[in-house]
Amino acid sequence: KLVVPSAEGMVGIIYQVAVSMPPADPQLTWLSAICPPALVAITNCWILFPLATGKLLILDPFCALEDFDLEFMRYRPNLCPFIPLLFQALMDSKRIPEDYSMEFLLQAGVGADPMNNKQIRRAQEFLAKHKSPAIFNVAYGQSEGGSGFTSPCPLFPVTDGCCGIPM
């Protein structure tokens, strides 16, 4: 992609977006599990962003995809960046009870791969069924960074917060 990351550029991005998610009381938890190998996007959006905004960061990079549902229920994160594969693993889980409440999940957004309208609707229905107040958002064209870009305002969710255009 001819992207040349620098520490200055990464800190600049964090500085620009951190104002949209000030520290909250009580402290919100942020689960970063199964970190995909897109170094800059993951470092910025999945690690530096929660640290810069006063979140309790739970790093779980060695979680197996087939156990993501168990780790998600164990940590009960308020914020969790997703790629479509991770969110699909939650929706397909046979271990999440039908009446399991996800009221703790305040944000749900995906990046990396596109989702069609049917998949987006199904994801929002899944959140509603499990009582999550999160509004499902998607991002295109920013790799895994999109999952971070769709999650800056968990206390005041943005509707229609999609960024990027699928080509």
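Residues numbered from 1 in each chain as written. Predicted model: local features only at pLDDT ≥ 70, side-chain atom pairs only at ≥ 80, totals over all residues. Heavy atoms only, no water.

Asker: Would you mind showing me how to read the environment of Cys63 here?
Answerer: Its place among the elements puts Cys63 in the loop between strand E2 (56–60) and helix H3 (68–75). What makes Cys63 buried here is its relative accessible area of 10%. A sequence separation of 30 residues divides Cys63 from Ala33, and the C-alpha atoms of the two residues are 6.4 Å apart. Among residues more than four places away in sequence, those in contact with Cys63 are Ile34, Phe68 and Glu71. (Helix = DSSP H or I, 4+ residues; strand = E, 2+ residues; numbered from the N terminus. Buried < 20%, exposed > 50% of the residue type's maximum accessible area, 1.4 Å probe, protein only. Contact = heavy atoms within 4.5 Å.)

Asker: How should I be thinking about the packing of aromatic side chains in this particular structure?
Answerer: What describes a pair of aromatic rings is the distance from one ring centre to the other and the angle between the planes of the rings. The tally for this structure, following the rule as stated, stands at 9 aromatic pairs. With centroids separated by 5.8 Å and ring planes inclined at 70°, the aromatic side chains of Trp30 and Phe49 adopt a geometry described as edge-to-face. Separated by 19 residues along the polypeptide, Trp30 in strand E1 (residues 29–33) and Phe49 in helix H2 (residues 39–52) bring together distant segments of the chain. Ring plane angle 90° and centroid distance 6.2 Å describe the contact between Phe68 and Phe82, whose orientation is recorded as edge-to-face. Of this pair, Phe68 sits in helix H3 while Phe82 sits in the loop between H3 and helix H4 (84–92), placing them 14 residues apart in sequence. The residues Phe68 and Phe82 share a single accessibility class, namely buried. (Phe/Tyr/Trp six-rings, centres within 6.5 Å; stacked < 30°, edge-to-face > 60°.)

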